[in-house]
Amino acid sequence: MTAHSHIGASVSRVDGHAKVTGAAKYAAEFDADGLIYGSIVTSTIAKGRILRIDVSEALRVQGVIDVLTHENRPKMADSDEAYKDDTAPDGSPFRPLYDDRIRFSDQPIALVLADDSETARFAASRVRVEYKDEAHVTDLHRARTFPLKPGATPFSPPEPRGAAEQAFAAAEVRHSSEYYVPIEHHNPMELFAATVIFEKDGKLTIYDKTQGVQNVQRYLCGVLEMKPEDVRVVSPFVGGAFGSGLRPQYQVVLAALGALALKRSVRVVLTRQQMYGLGYRPAMIQKVELGAKAGGTLDAIMHDAVTVTSQHEAFHRQETGWSGLLYTCPNAKYIHKLARLDLSTPCDMRAPSAATAVYALEAAMDELAVALRLDPLELRLRCYSERDQNDNRPYSSKALRECYRQGAEAFGWGARNPQPRSMRDGTDLIGLGMATGVWEALQMRIAVRIVLTANGHAEVSCATSDIGTGTYTIMTQVAAEMLGLPLDAVTIKLGDSTLPQSPVEGGSWIAASVSNGIVTTSYAIRDELLRLARQVPNSPLADVAAQDVALSDGKLVSKRDVSRAVSISDAMRHGGIERIEQERTTSFPRDEAHAHNTHSAVFAEVRVDEQLGVIRVARVVSAVAAGRILNTKTAASQIIGGVVWGIGMALHEETVIDHNFGRVMNANIAEYHVPTNADVHDIKVIFVDEPDDIINPLGIKGLGEIGIVGVAAAIANAVYHATGIRVRDLPITLDKLLG
Ligand code: MOS
């Protein structure tokens, strides 16, 4: 039968042309007659109350229509109980203009509405605010000395096993260190924006930058007490989000409030500075303690984390448990405490918890390898586990051993001299480091509708987003494969809350979910076609069972005898119909018997200028095991992007707060450093074979996040190998090497 010609191919993005020509429209680019522009005023203090807010001067600016504050905004729900269970991620998202309380610096406190954006922004500078200032704390290192509480389920650490403290105390070789990751911000290229169209009947059509249109719709209906049929949320393209768009962000609430207040269409776009008042990767201090036998097997793992959250929400992810999952070790213990600071609530950022926790674990493993006088890769192999150590169960598939092997070979790990400072090229010290990466392979209930027309065209719809990961493309490939059509005979509709149900696009779960969802609905289409095909006079498929036919080249074909076929157009014509429409919801049964994870082995070469301390990441090889790869091109792009971000995490990224003011000092992408082209050199991505018959029918695992995991550790370990200096506080800036 059809070889899998579309699935697994290196297909360029089907939306690539629209994106590079500007035809793809983003949230701030949708227009409406008489559109009003909103500009946000944000707080200058970190904690306290608004005593008085004087908007009179702003209102006198020509072109200003209104200024909304907590005193005159339209009604908002005073309790979020009604919707919080439905809004992802869990919690009680901050509601702008809700009351007079200031919870963090740069909190939105007013929305100026004007005829054009320049006027709105100018008038926003004329809003006068009098505060009652309260003492704030924004410093994790200070807050850590306070009595701290653990977070709550479902992100509590796993159960401890064995007797970790005793085993650590008795271990032949011990390593114990603290690792620090600062607050980091997502900095997607597209600014958060919402254009709310106030329709004639009072309904709202909302173009929003988000990772989940139905999530935003539910949230707005809860906050604004509106009916679902009166709120439609649309987001066909997203210019990067990386987790910052999982939660509904405040621009959409503000734009909707403005539209409801004025009964007109309103657009709100955040400034780059205001993007730093949204969520962030929480800063964290992690203590990792490893006890080992001299032969390189682990006796004890203890991982203790303190992470930042806001005063108003206990946001956290399960950081510490990654340590006990990965390697064979009989004794493990975890502690996770929350430091509540006067900041906005953190949020998910690419591979939340793993990017940070695995950094600490894998840097600690490197230090243990040094203490053991063992090759770091050899240490990983001696601790290799075929089972999820936390839950003592096998994996649905785990080809990490092959990642180590192929990655090491492609990188040339064998040529590494284990002695720090032993390899150099002129004035450059050369360092080679490696680390393991691990992430979850999740999948979520999802609905897909397919309309197949007699001319052999399919329209596939689902409310999922494509946050830039390539969802349009892989959906096209899977549908073309399953329906036996060329790629250009498939149209994808997504990013609209009126489409079939989808979770937010995050957690690397959409590729697996929507692909298998397309399979389910395609089978329903096939069954309906077969029913029609059997009715064709002298049908060659009269006695062929559904599972024995497939769609190929516009025909329904017997898999056993390809000469027995009925074309789509003949089947429909005889049935007297022009189109078949089917919608199915696909659920993924809970498989408690297996762990489901993706893995990677990351190898990095750094070159450190001995006199200046300048660090260059010359080469990275990332060997990834992520099930069956849907599209080798878009998949490799995801991993390359993750590696680039890992370079940023290791060497550049840090949100700097002036704790006197509780305010971000580098709220712009000039002073918040991210890797530029000059920082990124040779990156090689390898996908190892990882057949998985257990996880889902297509054997797919997502890979949007695994690419960043382990990268910062591999680079930090390479810096140690180059210089003999162990920097445990990220980012590794040159001053830390010279000091
Ligand atoms: Mo991702 S941090 O789940 O968008």
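Just so it is clear, the model here is predicted, and its values are computed rather than measured.

Let us look at the overall build of the protein chain. The number of helices and strands found in the protein chain is 17 helices and 31 strands. On C-alpha atoms alone, the protein chain measures out to a radius of gyration of 27 Å, which is about the 27 Å that the 2.2 N^0.38 rule sets for 739 residues. Once the C-alpha set of the protein chain is aligned to its principal axes, its extents read approximately 80 × 70 × 50 Å. Within the protein chain, the fraction of its 739 residues that count as buried is 62%.

Take the packing of helix α12 (residues 471–483) against helix α13 (residues 510–534) next. Interhelical geometry of α12 versus α13 gives an angle of 30° and a closest axis separation of 9 Å. Taken together, the axes of α12 and α13 lie roughly parallel to each other. Helix-helix and strand crossings are classified by hand; for α12 and α13 the assignment is right-handed. Residues Thr471, Ile474, Met475, Val478, Ala479, Met482 and Leu483 of α12 lie in contact with α13, whose contacting residues are Ile510, Ala511, Val514, Ser515, Ile518, Val519, Ser522, Tyr523 and Ile525. Here the residues of the contact of α12 with α13 sort into 13 nonpolar, 3 polar and no charged.

So, about the domain arrangement of the protein chain. Annotation of the protein chain at the domain level lists domain 1 (16–22 + 444–586), domain 2 (31–135 + 188–271) and domain 3 (146–183 + 281–442 + 593–738). Across the boundary between the two partners, domain 2 contributes 20 residues, which contact 16 residues of domain 3. Between domain 2 and domain 3, the buried area comes to about 1,300 Å², and carbon and sulfur atoms account for 51% of it. Applying the counting rule to domain 2 against domain 3 returns 3 salt bridges.

Moving on to the pairing of strand β14 (residues 298–310). A large share of β14 lies buried, amounting to 12 of its 13 residues. The sheet contact formed by strand β13 (residues 284–292) and β14 spans 9 bridges and is antiparallel. Opposite Leu290, over in β14, you have Ile301 as the bridge partner. As consecutive antiparallel partners, β13 and β14 are separated by 5 residues, and within that stretch Gly296 has a phi angle of approximately 95°, a positive value.

Hydrogen bonds between backbone atoms are what pair the strands of a sheet, whose relative direction is either parallel or antiparallel. Reading across the sheet, the 7 strands line up as β3-β5-β1-β12-β9-β10-β11 and stay open at both edges, with mixed pairing between neighbours. The sheet terminates laterally at β3 (64–68) and β11 (231–234), the two strands that pair on one side only. Taking each pair of neighbouring strands and ignoring which way they run, the sheet shows an average axis angle of 20°. Looking at chain direction, β3 and strand β5 (residues 108–114) are connected through 4 bridges and run antiparallel. Counted as the bridge partner of Leu68 is Leu111 from β5. Helix-sheet contacts for helix α3 (residues 117–124) involve β1 (36–42), β3 and β5, and the interaxial angle to β1 is about 25°.

The next thing to look at is unusual backbone geometry. Residue Pro731 is bonded to the preceding Leu730 through a cis peptide linkage, with omega at -5°. By secondary structure assignment, the location of Pro731 is in the loop between α16 (711–723) and α17 (734–738). Phi angles above zero are rare outside glycine, and Arg421 is one such case at about 65°. Here Arg421 is to be found in the loop between α11 (400–411) and β18 (424–425). Positive phi, normally seen in glycine, also occurs at Asp553, with a value near 50°. Tracing the chain through its elements places Asp553 in the loop between β23 (549–552) and β24 (555–558). The class for Asp553 is exposed, based on a relative accessible area of 66%.

Moving on, we get to helix α6 (residues 213–224). With 12 residues, α6 extends 16 Å from end C-alpha to end C-alpha; this agrees with the ideal 16 Å at 1.5 Å per step. With 11 of 12 residues buried, α6 lies mostly within the body of the structure. The complete set of buried residues in α6 reads Val213, Gln214, Asn215, Val216, Gln217, Tyr219, Leu220, Cys221, Gly222, Val223 and Leu224. On its buried side, α6 packs onto β10 (204–208), β11 and α7 (250–262).

So, about the nonpolar core. Membership of the largest hydrophobic core comes to 96 residues, with the highest contact counts inside it found for Tyr359 and Ile715. Ranked by the residues each element gives to this core, the list is headed by helix α9 (residues 354–372), at 13 residues. The residues touching Ile715, leaving out its near neighbours within four places in the chain, are Ala604, Val606, Val617, Gly646, Ile647, Ala650 and Leu651. Counting 52 residues, the second-largest nonpolar core is a separate cluster that includes Leu246, Ala454, Val549 and Ile568.

Scanning the entire structure with this criterion turns up 13 aromatic pairs. Taking 5.2 Å as the distance between ring centres and 70° as the angle between the ring planes, the aromatic pair formed by Phe94 and Phe104 counts as edge-to-face. On the criterion of sequence distance, the pair formed by Phe94 in the loop between β3 and β4 (101–102) and Phe104 in the loop between β4 and β5 is long-range, its members being 10 residues apart. Phe104 shares its class with Phe94; the two are buried. These aromatic residues form a ring-pair network of at least three members: Tyr26, Phe237 and Tyr472. Taking the ring centre of Phe192 as reference, the NZ or CZ of Lys209 above it sits at 5.0 Å. Taking the ring centre of Tyr384 as reference, the NZ or CZ of Lys398 above it sits at 4.5 Å.

With that out of the way, let us pick up the pairing of strand β27 (residues 597–609). Along any regular strand, the residues point their side chains to alternate faces of the sheet. Counting buried residues in β27 gives 13 out of 13 residues, a clear majority hidden from the surface. Alternating residues of β27 divide into Asn597, His599, Ala601, Phe603, Glu605, Arg607 and Asp609 and Thr598, Ser600, Val602, Ala604, Val606 and Val608, and every residue in both groups is buried. The pairing of β27 with strand β28 (residues 615–625) spans 10 bridges and is classified as antiparallel. Residue pairing for β28: Val608 is matched across the bridge by Ile615.

The next thing to look at is the packing of α9 against α16. When two helices pack together, you describe them by how their axes are tilted relative to each other and by the distance separating the axes. Packing of α9 against α16 brings their axes to within 8 Å, and their N-to-C directions diverge by 30°. Where α9 crosses over α16, the handedness of that crossing is right-handed. The segment α9 lies against α16, with Val358, Tyr359, Glu362, Ala363, Asp366 and Val370 engaging Ala712, Ala713, Ala716, Asn717 and Tyr720. Of the residues contributing to the contact of α9 with α16, the split by class is 8 nonpolar, 1 polar and 2 charged.

The rules behind the values
Residues numbered from 1 in each chain as written. Predicted model: local features only at pLDDT ≥ 70, side-chain atom pairs only at ≥ 80, totals over all residues. Heavy atoms only, no water. Helix = DSSP H or I, 4+ residues; strand = E, 2+ residues; numbered from the N terminus. Rg over C-alpha atoms; globule rule 2.2 N^0.38 Å. Buried < 20%, exposed > 50% of the residue type's maximum accessible area, 1.4 Å probe, protein only. Axes fitted to C-alpha atoms, helices over the stretch in contact; angles between N-to-C directions. Parallel < 35°, antiparallel > 145°, perpendicular 65-115°, else oblique. Left-handed = near helix turned anticlockwise from the far one by under 90°. Contact = heavy atoms within 4.5 Å. Nonpolar A, V, L, I, M, F, W, Y, C, P; charged D, E, K, R; others polar. Domains from an automatic or database assignment. Buried area = accessible area lost by both parts, 1.4 Å probe. Salt bridge = Lys/Arg side-chain N within 4 Å of Asp/Glu carboxyl O. Pairing = 2+ DSSP bridges. Expected span 1.5 Å × (residues − 1). Core = buried A, V, L, I, M, F, W, Y, C linked by side-chain atoms within 4.5 Å. Phe/Tyr/Trp six-rings, centres within 6.5 Å; stacked < 30°, edge-to-face > 60°. Lys NZ or Arg CZ within 6 Å of the ring centre and 35° of its normal.

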